[in-house]
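Summary of the model geometry
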Amino acid sequence: MSKAKPFRISKQVVVEAFNQVKANRGAAGVDDESIEDFEKDLKNNLYKIWNRMSSGSYFPPPVRGSELDKEDGSKRPLGIPTVADRTAQAVGKIYLEPQVEPCFHPDSYGYRPGKSAIEAVGVARQRCWRSNWVLDLDIKSFFDSLDHKLMMLAVRKHTDCKWLLLYIERWLKAPVQAKDGSLTKRDRGSPQGSVISPLLANLFLHYAFDEWMRRNHPSIVFERYADDIIVHCKSERQAQWFKGVIEERFTACKLQLHPDKTKIVYCKDANRPGNYPNEKFVFLGYEFRPRGSMTRDGRCFVNFSPAIGPKAAKKIRRTIRSWKIHRMSDKSLQDLSHIFNAVLRGWINYYGSYYKSALYRIFVQLNRSLMKWAMRKYKRLRGKRRRAVHWLGRIAKRQPHLFAHWSLGVRPAAGR
């Protein structure tokens, strides 16, 4: 190792890191350079990243400040690094992840290889059947509150690699550039939108919550997906007690529970009588609440189960409307299926894993959009809604797999 290149970083890892960034797409950073622009001089751009990281002279540029609209009308701040910086962060992630991943808790599901959100939903479902109460934890502005000193303390528990420690600290402190060009320094937080933030967030909460739970409360089970946490309790009293305990723990870690969004929920079902102010919660887009179910022999009962939540359903309906299918009269029905089926399958694969029938109303709306498309495209169907529905219904019967939602049995039918 030369003095000019004190850090040993593989050039091949830099190439692999860029390929990951390219696969994830993403917007341009403060330099307005897109992935396509970056690729125009790919070899030299990747060499610059490797050269600067290997020599210790890599300083991340500011992240571009942006905001994402939330369902409650508030804004979620994002920080978008440049393509080059996302690549550099991916290099750091490739080296750090194998060192921390084996230590993570089995009930931590977010942004981990071999783990998934739907797996977390399934485990939560089983545990809600076994425990009567849930403590739904919401950490207020977690990504903006993450303490840098505690974060670096956690990183140092897993690596003494000088360049990793150097660059992670620089990434944490990189300022945010607003639209007007002004810079805001950061003494806490890790911007959502960066490549390495999810891994750092998992590592922080591993020590702030997961490992602390394992040591101090091993009998209390939970599911955590990034900063979304569900804790299962045997009684309301235990849930109330634990809420106070976790508030103290998070305060020590310089985090704060959201006072309005953190709540105790009663998992009501046929075997759990009585009422409680909160009998439902949302976890990873699924709403858990009492639902009517049927046994194999046809008997009805009340079951505490997950199904697509109202916010997720509203978002899907809004997406379907945004497609403006009725205006695509230049396209054939086969063209439309090719355009939208991948998205439809994604929704079905995720939200159809539990209580699939909750998707039906959403896809009835999609059928209406297809009906309006048919009425606009074909003169013989214009103004004849019922005829258009029957026409689509016949096609759906002949080709039930043409659209992914038709395979569920949600096909055009008169009266819908």
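Residues numbered from 1 in each chain as written. Predicted model: local features only at pLDDT ≥ 70, side-chain atom pairs only at ≥ 80, totals over all residues. Heavy atoms only, no water.

**Some remarks on the packing of aromatic side chains**
- The tally for this structure, following the rule as stated, stands at 27 aromatic pairs.
- When the centroid spacing of 6.2 Å and the interplanar angle of 45° are considered together, the rings of Tyr167 and Trp171 count as tilted. You can see Tyr167 and its partner Trp171 sitting in helix H8 (residues 162-173), 4 residues apart, about one turn around the helix. For the pair shown, Tyr167 and Trp171 are each scored as buried.
- Arranged with centres 6.4 Å apart and planes meeting at 35°, the rings of Trp373 and Trp391 form a pair that is tilted. Of this pair, Trp373 sits in helix H13 (residues 360-377) while Trp391 is found in helix H14 (residues 385-398), placing the two residues 18 residues apart along the sequence.
- Among the residues examined, Trp391 registers a relative accessible area of 12% and is labelled buried. (Phe/Tyr/Trp six-rings, centres within 6.5 Å; stacked < 30°, edge-to-face > 60°. Helix = DSSP H or I, 4+ residues; strand = E, 2+ residues; numbered from the N terminus. Buried < 20%, exposed > 50% of the residue type's maximum accessible area, 1.4 Å probe, protein only.)

**What about the nonpolar core?**
- Met53, Phe142, Met151, Ile168, Phe209 and Val231 are the most contacted members of the largest nonpolar core, which has 67 residues in total.
- Here the element with the most residues in this core is helix H9 (residues 197-216); it accounts for 10 residues.
- Beyond its immediate sequence surroundings of up to four residues, Phe209 is in contact with Leu137, Phe222, Arg224, Ile229, Val231, Ile246 and Phe250.
- Counting 57 residues, the second largest nonpolar core, distinct from the first, contains Ile362, Met371, Trp373 and Ile395. (Core = buried A, V, L, I, M, F, W, Y, C linked by side-chain atoms within 4.5 Å. Contact = heavy atoms within 4.5 Å.)

**Regarding unusual backbone geometry**
- If you check the backbone angles, Asp32 has positive phi at about 60° while not being a glycine.
- Inspection of the secondary structure puts Asp32 in the loop between helix H1 (11-24) and helix H2 (35-39).
- Asp32 gets classed as exposed once you look at its relative accessible area, which sits at 60%.

**As for the sheet that holds strand S3 (residues 133-138)**
- Taken in spatial order, the 4 strands line up as S6-S7-S3-S8 in an open sheet, and their pairing is antiparallel. Strand pairing shows two members of the sheet lacking a second neighbour, strand S6 (222-225) and strand S8 (263-266), which therefore form its edges. Across the sheet, the mean angle separating the axes of adjacent strands is 20° when strand polarity is ignored.
- Of the strand pairs in this sheet, S3 and S8 are connected by 4 bridges, and their pairing is antiparallel. Residue pairing for S8: Leu135 is matched across the bridge by Ile264.
- The strands touched by helix H5 (residues 117-130) within the sheet are S3, S6 and strand S7 (228-233), with S6 carrying the most contacts at an inclination of about 160°. (Pairing = 2+ DSSP bridges. Axes fitted to C-alpha atoms, helices over the stretch in contact; angles between N-to-C directions.)

**Some details on the pattern of salt bridges**
- Enumeration according to the criterion identifies 16 salt bridges in this entry.
- The salt bridge partner of Arg25 is Glu36, with a shortest N-O separation of 2.5 Å. Here Arg25 is found in the loop between H1 and H2, whereas its partner Glu36 is found in helix H2, with 11 residues between them in sequence.
- What makes Arg25 partly exposed here is its relative accessible area of 41%.
- Its relative accessible area of 40% is what places Glu36 among the partly exposed residues.
- Put simply, Asp187 and Arg188 hold a salt bridge, and the shortest N to O gap is 3.9 Å.
- Under the relative-accessibility criterion, Arg188 is labelled partly exposed at 36%.
- A cluster of three or more residues bridged by salt bridges with shared partners is formed by Asp107, Arg127 and Glu223. (Salt bridge = Lys/Arg side-chain N within 4 Å of Asp/Glu carboxyl O.)

**Looking at the sheet that holds strand S9 (residues 281-283)**
- Sheet architecture is open: 3 strands sit in the order S9-S10-S11, paired in antiparallel fashion. The open sheet is flanked by S9 and strand S11 (300-308), the only strands paired with a single partner. Looking at each pair of strands side by side, their axes are set apart by 50° on average, direction ignored.
- As defined by bridge partners, strand S10 (residues 286-294) adjoins S11 across 9 bridges and the pair is classed as antiparallel. The residue bridging Pro290 from the neighbouring strand is Phe304, located in S11.

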